[in-house]
Amino acid sequence: MNIYLDLFLTFAKIGTFTFGGGYAMLPMFQKELCERHDWATKEEILDYYAVAQCTPGVIAVNTATFVGAKQKGALGAACATIGVVFPAVIIITIIALVLKNFADIPAVQHAFNGIRVAVAVLILNAVIRLWKSNVKTVWARLIFAASLLLLLFVRLSPVYPILGAAAIGIVCELRGKKI
Amino acid sequence: MIYWQLFYEFFKIGLFAVGGGLATIPFLQELAEKYPWFDTAMLSNMIAVGESTPGPIGVNMATYAGVMAAGIPGGMIATFGLILPSYLSILLIARALEKFRENRWVNAAFMGVRPAVTGLIAVAGVSMLRVSLLNETAFAASGAWESLFLWREWILFAVLFAVMWKWKKLHPIVIIAAAAVVGIVFGL
């Protein structure tokens, strides 16, 4: 298949089946980008998330732009970005025009309650796998715990844990320690 | 000219809302006060729709707001305005990153960042667990512990987790679709 079309369709598929925003998209990104295509490694996706978290804009869109740009420059990035928002634009336009009470339809609420459970399962599953591959040393565990606790209890902006962790990474390299 | 206003306002949101979709809500509140496009009551409906439909929440909200303000072209222009700043900034960063990929210090920084991002994703998982498995409003109202736990959701959670664990190659779409069907059939 044409690579531009493939970028558009793959990201449209990701956009169609992810509920709950950026982080909930991670399992889908991993499946489609790392396993079904060879467009990014799981580590690269984490790096994209880190950059996306510190730059303006929607995380899922930023990640799509990254992956598209890496494959085929500005045009590839445009295909991936338009792909990831395309289904949402269509669905929301229909809802806003003709289904104003969409969120109050009982079947929608029931389906969505089930989907939320599935999204929680998918995210936890992704975290366990990421933990196994990226959180191996004492320093890595400390960084993980600190960012988890800071966000859970202090409601800090995610930018700070990311910048702090980058600094720790550089200091560890200076001292010849591995993360 | 309403299209230009929409583009300008959502371009600004795309430029300044750092940290993902939900960061756009305060900006949308401001729009609700400044323009006659939608009011704050409609905004809460927009958030509900944005969260219960597929796609990035920030994009959902922009499309919804744009359609409310100026119909179908409005929705497209608002969405375009929202994603344009991230498209442009990420394009630049992606180029720079490609250049410095092999740089020792850039690499070291990312080695440190990966466990932090794993932690951030774990936080997203925890909050998703809270809203999907616990009924905190019922608990706050009644104070009865049995009202806190949504036991049918717990069973679904356990089953889906076991399925993911056993069949690691399963596509997330299958899990999501199955959970939606279970939700409708059992009236979750």
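Residues numbered from 1 in each chain as written. Chains lettered and ligands numbered in written order. Predicted model: local features only at pLDDT ≥ 70, side-chain atom pairs only at ≥ 80, totals over all residues. Heavy atoms only, no water.

Enquirer: Is there a simple way to explain the overall build of chain A in this structure?
Expert: Counting secondary structure elements, chain A contains 7 helices and 0 strands. Written out in order from the N terminus, the α and β elements of chain A read α-α-α-α-α-α-α. Along the first, second and third principal axes, the C-alpha atoms of chain A reach 60 × 40 × 25 Å. When the 179 residues of chain A are sorted by exposure, 57% land in the buried category. Long-range contacts, defined here as pairs at least 24 residues apart, represent 53% of the contacts in chain A between residues at least 6 apart. Just so you have it, chain A exposes about 7300 Å², and 66% of that area is on carbon and sulfur atoms. Taking the 16 positively charged and 9 negatively charged side chains of chain A as two groups, their mean positions are separated by 7 Å. (Helix = DSSP H or I, 4+ residues; strand = E, 2+ residues; numbered from the N terminus. Buried < 20%, exposed > 50% of the residue type's maximum accessible area, 1.4 Å probe, protein only. Contact = heavy atoms within 4.5 Å. Areas by Shrake-Rupley, 256 points an atom, 1.4 Å probe, with all protein chains shown as cover. Lys, Arg positive; Asp, Glu negative; His and termini not counted. Charge placed at Lys NZ, Arg CZ, Asp CG, Glu CD.)

Enquirer: Whenever I open this one, empty space enclosed by the protein confuses me. Can you help?
Expert: Rolled over the atoms, a probe sized like a water molecule indicates the empty space that remains. Counting across every chain of the model gives 2 cavities of 30 Å³ or more. Each pocket or cavity is described by its volume, and for the largest cavity that value is around 100 Å³. Listed by contribution, the elements that provide at least two residues to the lining of the largest cavity are helix 2 (26-36) and helix 5 (106-134) of chain A. Tallied by class, the residues present in the lining of the largest cavity amount to 6 nonpolar, 2 polar and 4 charged. Within this model, the second largest cavity holds a volume of roughly 50 Å³. Lining the second largest cavity are A:Glu44, A:Tyr48, A:Phe66, A:Lys70, B:Ala94, B:Leu97, B:Glu98 and B:Arg101. (1 Å grid on protein atoms, 1.4 Å probe; cavity = no way out; pocket = protein on both sides within 12 Å on 5 of 7 lines; lining within 4 Å. Points joined across faces, edges and corners; volume = space filled by probe spheres on them. Nonpolar A, V, L, I, M, F, W, Y, C, P; charged D, E, K, R; others polar.)

Enquirer: Explanation requested: the packing of helix 2 of chain A against helix 5 of chain A in the structure shown.
Expert: For any two helices packed against each other, one specifies the inter-axial angle together with the distance between the axes. All names here are of chain A. Contact pair helix 2 / helix 5: the axes reach a minimum separation of 8 Å and the direction vectors enclose 60 degrees. With respect to each other, helix 2 and helix 5 are oriented oblique. Of the residues in helix 5, those touching helix 2 at Leu-26, Pro-27, Gln-30 and Glu-35 are Leu-122, Ile-123, Ala-126, Arg-129 and Leu-130. For the contact of helix 2 with helix 5, the class distribution of residues is 6 nonpolar, 1 polar and 2 charged. (Axes fitted to C-alpha atoms, helices over the stretch in contact; angles between N-to-C directions. Parallel < 35°, antiparallel > 145°, perpendicular 65-115°, else oblique.)

Enquirer: What exactly am I supposed to notice about the layout of surface pockets here?
Expert: Reported here for the second largest pocket is a volume of approximately 350 Å³. Taken together, the elements giving at least two residues each to the lining of the second largest pocket come down to helix 4 (59-98) of chain A together with helix 4 (57-100) of chain B. The leading source of residues in the lining of the second largest pocket is helix 4 of chain A, at 8 residues. Here the residues of the lining of the second largest pocket sort into 12 nonpolar, 3 polar and no charged.

Enquirer: It is not clear to me how the side chain of B:Glu9 should be interpreted in this structure. Could you clarify?
Expert: With respect to the helices, strands and loops of the structure, B:Glu9 is situated in helix 1 (residues 2-16). Of note is the side chain of B:Glu9, whose polar atom sits 2.7 Å from the side chain of B:Tyr35. (Polar contact = N/O pair within 3.5 Å; in protein donor to acceptor, adjacent residues only side chain to side chain.)

Enquirer: Mind showing me how you'd approach the domain arrangement of chain B here?
Expert: How big an interface is tends to be stated in terms of accessible area lost as the parts join. Split by domain assignment, chain B resolves into domain 1 (2-100) and domain 2 (104-185). Measuring from the centre of the C-alpha atoms in domain 1 of chain B to the corresponding centre in domain 2 of chain B gives 26 Å. (Domains from an automatic or database assignment.)

Enquirer: Sorry, what's going on with the interface of chain A and chain B here?
Expert: Taken residue by residue, the interface counts 99 residues in chain A and 85 residues in chain B. Across the interface of chain A and chain B, roughly 8200 Å² is buried in total on both sides, 79% from carbon and sulfur atoms. At the junction of chain A with chain B, the criterion picks out 2 salt bridges. A:Asp47 is paired through a salt bridge with B:Arg114; the nearest N and O atoms lie 2.8 Å apart. Seen at the junction of chain A and chain B, the total is 12 residue pairs in polar contact (both at pLDDT 80 or more). Going through the elements one at a time, helix 1 (3-16), helix 2, helix 3 (42-54), helix 4, helix 5, helix 6 (138-154) and helix 7 (159-174) of chain A are the ones with two or more residues in the side of chain A that touches chain B. The biggest single contributor to the side of chain A that touches chain B is helix 5 of chain A, with 24 residues. (Buried area = accessible area lost by both parts, 1.4 Å probe. Salt bridge = Lys/Arg side-chain N within 4 Å of Asp/Glu carboxyl O.)

Enquirer: Is there a simple way to think about the pattern of salt bridges in this case?
Expert: Side chains carrying opposite charge are able to pair once their charged atoms draw close together. Per the stated rule, a full pass over the model turns up 11 salt bridges over all chains. In this structure, A:Lys42 engages A:Glu35 in a salt bridge whose closest nitrogen and oxygen atoms are separated by 3.5 Å. The exposure class assigned to A:Lys42 is partly exposed, which follows from its relative accessible area of 24%. Between B:Lys34 and B:Glu9 there is a salt bridge, with the nearest N and O atoms lying 2.9 Å from each other. Here B:Lys34, found in helix 2 (residues 25-34), pairs with B:Glu9, found in helix 1; they are 25 residues apart in sequence, far enough to count as distant. Residue class for B:Glu9 comes out buried when judged on its relative accessible area of 4%.

Enquirer: Just checking my understanding: could you explain the nonpolar core for this structure?
Expert: Note on soluble globular proteins: their nonpolar side chains tend to be buried together. Ranked by size, the top nonpolar core spans 119 residues in total, and within it A:Phe11, A:Phe29, A:Tyr49, B:Phe10, B:Phe38, B:Val59 and B:Ile121 carry the most contacts. With 18 residues, helix 4 of chain A is the largest single contributor of residues to this core. Two domains each provide a minimum of three residues to this core, namely domain 1 (2-100) and domain 2 (104-185) of chain B. Sequence-distant contacts of B:Val59, that is, excluding residues within four places in its chain, are made with A:Val58, A:Val61, A:Val85, A:Ala88, A:Val89, B:Thr79, B:Leu82 and B:Ile83. (Core = buried A, V, L, I, M, F, W, Y, C linked by side-chain atoms within 4.5 Å.)

Enquirer: What's the story with the side chain of B:Thr118 in this structure? I'm lost.
Expert: Within the fold, B:Thr118 resides in helix 5 (residues 104-133). A residue is classified by how much of its surface remains accessible, and B:Thr118, at 0% relative accessible area, is buried.

Enquirer: Any chance you could explain the environment of B:Ser86 here in plain terms?
Expert: Tracing the backbone through its elements, the reader meets B:Ser86 in helix 4. When the C-alpha atoms of B:Ser86 and B:Tyr35 are compared, they prove to be 25 Å apart, with 51 residues separating the residues in sequence. Ignoring sequence-local partners within four residues, the contact set of B:Ser86 consists of A:Pro56, A:Gly57, A:Val58, A:Val61 and A:Asn62. A distance of 3.5 Å separates polar atoms of two side chains, one belonging to B:Ser86 and the other to A:Asn62.

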